[in-house]
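Architecture and fold: a report
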Amino acid sequence: ALNNRAISFYQLGRYPEAVQDATRVSELEPKSERAYTTRALANYQMRNYASALEDARLALSLNPNNQLAFQISKLSETRVTKSSSLGLDAAQKAAADKIAREYENLMEQRSQAETAAAAPKPVEQKAPEASAAAQPPPSRREKFTDSLNQKALNQVRIGDPKAAIQYASKALDRDPDNAQSHSIMARAQNMMGLYQEAFEEATQSLNLNPDNAQSLDIRAAALIGLGRFDAAIADAQRAIELNGKNAFAYRHRGQGHEGLGDLKAMIADYKKAAELNPEFQSAYEEARQKYRVAMEPSPAPGPVQPPQRRPAGRRFLIVLLCSLTGGFLISMGLLHIVSGRKASATGAQGKTTSPRAFEASYQIVRTIGQGGMGVVYEAVDKALNRKVAIKKMRDELKADEHERGRFLREARTVAAMHHPNIVDIHTILETNGDLYLVFEYVKGRTLDQILAKKKRLNLTEAQYIARGVMSALAYAHQQGVVHRDLKPSNIMVTEDGWVKVMDFGIARHAKDTLHRFTGTNVAIGTPLYMAPEQEQGDVRPESDLYAFGACLYEMLTGQRPFEGSSTTAAKLAKSYKRATLLVGTLPPAVDALIDAALEPDPDKRIRTPAEFRSRIDALGHQQAKA
């Protein structure tokens with residue numbers, strides 16, 4: 001009971017209470033791995049990194065395979081004061097060095113296992129006529145370079161990328177064409193988040209040895225860090241072709257698919273990586289929880305590798321890891337969504353609640369907005385103790401049963417989408433005939449608010465926003481959902497830096513319904529961003545790409561591409577100023593990208609979010625070269 005309450009306190013963000021309960025468990029049961037792990041999590045969230053590190057190591061002493069405790073220990077270690085800065089005397093320093101060596105040995109063993117699982121060592125290319133006996137012995141210079149490479153690799157394994165870069169640099173000073181030195185350098189740079197540098201070093205290694213699966217893996221990781229998911233997938237695919245048992249390559253390819261919004265392919269790759277290397281099992285489970293992917297039926301036991309029962313402790317760690325990433329809270333939100341769908345079998349009805357039940361479930365805090373859809377409130381979901389945004393839909397939606405049913409069906413389709421770059425709909429409610437949508441509460445600024453303050457964005461900022469939007473669109477289009485009203489006010493950047501897209505399909509439907517009932521021109525929506533075919537009633541995925549092309553133009557120039565009442569004619573004639581004429585620092589390829597996005601013929605326009613993403617990422621690469 002104490003263990004369960006400690007976890008509940010942790011999930012609610014009440015970390016001191018979680019520590020108290022976990023401490024009480026450890027007093028009652030000194031060998032409770034579960035209690036030490038929970039306390040490590042809570043201490044880490046409170047930034048008590050030394051305590052978190054100690055608790056993680058206690059959990060590891062009870063179970064060396066406790067992956068969550070191992071991860072906490074690695075993260076906490078980088079945040080605690082090092083012994084070298086404490087002014088220790090000789091005896092104390094000797095003791096500290098002994099502990100450090102033990103830890104480094106553990107890391108090295110793990111890294112060796114990872115390297116062995118990742119890929120076979122590349123084979124050096126030799127001339128066909130050269131026999132083994134004819135090969136000259138390595139020179140002193142080659143031996144010294146190999147020694148430096150080994151030292152650099154050891155530093156990577158013990159988690160000191162700066163030292164690894166120093167050794168690899170010395171090796172490259174002596175032999176600039178050493179593929180292994182470039183590869184080790186790239187790995188260390190990846191560890192430090194220097195993705196562009198890592199990409200260039202890995203490319204140098206591959207230029208010297210194109211079939212080096214390890215360098216392909218390293219470059220794929222760098223490309224993922226740079227957001228160049230198409231290229232990362234290509235590198236990972238090549239690594240898989242070289243070694244079909246390369247778990248890391250499957251993991252990288254899965255990350256690339258995730259970035260492009262192809263969640264089905266992502267889950268398949270994560271699953272394969274977990275099958276090849278149990279280290280990736282938690283990532284696979286976390287991804288399924290995060291995106292709410294259904295559990296596959298367990299395969300029947302086979303003669304080669306019958307499935308093993310996972311111990312209860314392992315199941316707990318997986319659940320706890322999902323809790324760390326918010327999976328638990330998200331899964332709780334399913335209760336609202338499921339309840340909101342209960343009546344779907346008998347018609348397009350929302351979840352019907354009485355006013356009293358509504359007030360018992362939600363506390364309205366304040367009004368935060370009003371627009372074409374209706375009034376928006378900040379509220380608190382009392383059951384889950386979390387903030388939500390509640391939109392009370394306009395009365396016109398309930399005036400016609402058919403229109404209300406269409407809206408609810410579309411809202412449920414959108415509510416079924418769950419992606420980090422899309423604002424979630426938690427549930428759909430009906431009270432006294434009024435319709436309410438309960439959304440994820442997102443704190444941040446919309447793109448139009450950002451532009452009102454900054455006037456325009458630089459290319460790097462625009463690329464960052466584009467990556468998030470394209471990831472959201474790729475996922476939505478795969479689900480058969482077109483946004484239909486993409487504009488700066490529907491794109492938000494949260495305080496945590498996430499790009500979120502709001503109001504998929506729903507705002508457009510609400511405005512169209514209002515137009516039919518009032519005869520106003522609300523249904524025209526935001527013509528400055530709408531594709532020409534959409535103005536004629538033909539909505540297709542390419543319409544969203546046109547709308548974002550207009551958003552991109554505005555982000556980079558501070559001006560809309562089309563103004564005034566004659567926007568349709570201007571769109572068909574592509575009558576807008578070149579972005580590079582307005583902002584001379586932009587690379588020339590920006591004009592080509594915007595032309596392709598604002599092409600009036602959807603069949604000649606950029607066709608997919610992945611293509612848009614690839615082209616805008618290439619702009620940054622060209623600018624870096626320039």
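The structure this text deals with has already been given above.
Predicted model, so just to flag it, every value in this text is computed and none were measured.

In this section: the side chain of T580. Position of T580 among the secondary structure elements: in helix α26 (residues 579-582). A polar atom in the side chain of T580 sits 2.4 Å from the side chain of D591. When residues no more than four places from it in sequence are discounted, the contact partners of T580 are L586, P587, P588 and D591.

Reading across the sheet, the 3 strands line up as β7-β8-β9 and stay open at both edges, with antiparallel pairing between neighbours. Edge strands, defined here as strands with exactly one partner in the open sheet, are β7 (444-446) and β9 (499-501). With direction set aside, neighbouring strand axes in the sheet form an average angle of 30 degrees. Pairing between strand β8 (residues 491-494) and β9: 3 bridges, direction antiparallel. Across the sheet, M492 pairs through a bridge with K500, a residue of β9. Its contacts with the sheet place helix α21 (residues 459-478) against β8 and β9, and it is angled at close to 40 degrees to β9.

Moving on, we come to the packing of helix α12 (residues 229-242) against helix α13 (residues 247-259). Where α12 meets α13, the axes come as close as 8 Å, and the angle between the chain directions of the two elements is 155 degrees. Considering their axes alone, α12 and α13 lie roughly antiparallel with respect to each other. The hand of the α12/α13 crossing is left-handed. Facing α12, whose interface residues are F229, I233, A236, Q237, A239 and I240, α13 presents A249, Y250, H252, R253, Q255, G256, H257 and G259. The residue makeup of the contact of α12 with α13, split by class, is 7 nonpolar, 6 polar and 1 charged.

Right, let's talk about the packing of aromatic side chains for a bit. A complete count under the given rule lists 5 aromatic pairs for this structure. When the ring of Y10 is compared with that of Y15, the centres are 5.5 Å apart and the planes differ by 50 degrees; the resulting orientation is tilted. When the ring centre of Y270 is taken as origin, the NZ or CZ atom of R251, which lies over that ring, is 4.8 Å away. For the cation-ring pair, K391 lies above F439, with the distance from its terminal atom to the ring centre recorded as 4.8 Å.

Right, let's get into helix α24 (residues 541-557). Compared with the 24 Å implied by 1.5 Å per residue over 17 residues, the 25 Å span of α24 between its first and last C-alpha is a close match. Within α24, 16 of the 17 residues are buried, leaving the element largely enclosed by the surrounding structure. Among the residues trailing α24, G558 stands out with phi positive, at a value near 80 degrees.

Moving on: the pattern of salt bridges. Overall, the coordinates contain 23 salt bridges when judged by the stated rule. R366 serves as the salt-bridge partner of E378, at 2.7 Å between the closest nitrogen and oxygen. Of this pair, E378 sits in strand β3 (residues 374-381) while R366 sits in strand β2 (residues 362-370), and the two are 12 residues apart along the sequence. Among the salt bridges present, the one from R578 reaches D595, with a minimum N-O distance of 2.5 Å. In this pair, R578 sits in the loop between α25 (567-573) and α26 while D595 sits in helix α27 (residues 589-597), placing the two residues 17 residues apart along the sequence. The partly exposed category is assigned to R578, whose relative accessible area is 37%.

Conventions we followed
- Residues numbered from 1 in each chain as written.
- Predicted model: local features only at pLDDT ≥ 70, side-chain atom pairs only at ≥ 80, totals over all residues.
- Heavy atoms only, no water.
- Helix = DSSP H or I, 4+ residues; strand = E, 2+ residues; numbered from the N terminus.
- Polar contact = N/O pair within 3.5 Å; in protein donor to acceptor, adjacent residues only side chain to side chain.
- Contact = heavy atoms within 4.5 Å.
- Pairing = 2+ DSSP bridges.
- Axes fitted to C-alpha atoms, helices over the stretch in contact; angles between N-to-C directions.
- Parallel < 35°, antiparallel > 145°, perpendicular 65-115°, else oblique.
- Left-handed = near helix turned anticlockwise from the far one by under 90°.
- Nonpolar A, V, L, I, M, F, W, Y, C, P; charged D, E, K, R; others polar.
- Phe/Tyr/Trp six-rings, centres within 6.5 Å; stacked < 30°, edge-to-face > 60°.
- Lys NZ or Arg CZ within 6 Å of the ring centre and 35° of its normal.
- Expected span 1.5 Å × (residues − 1).
- Buried < 20%, exposed > 50% of the residue type's maximum accessible area, 1.4 Å probe, protein only.
- Salt bridge = Lys/Arg side-chain N within 4 Å of Asp/Glu carboxyl O.

By themselves these figures say nothing about function.
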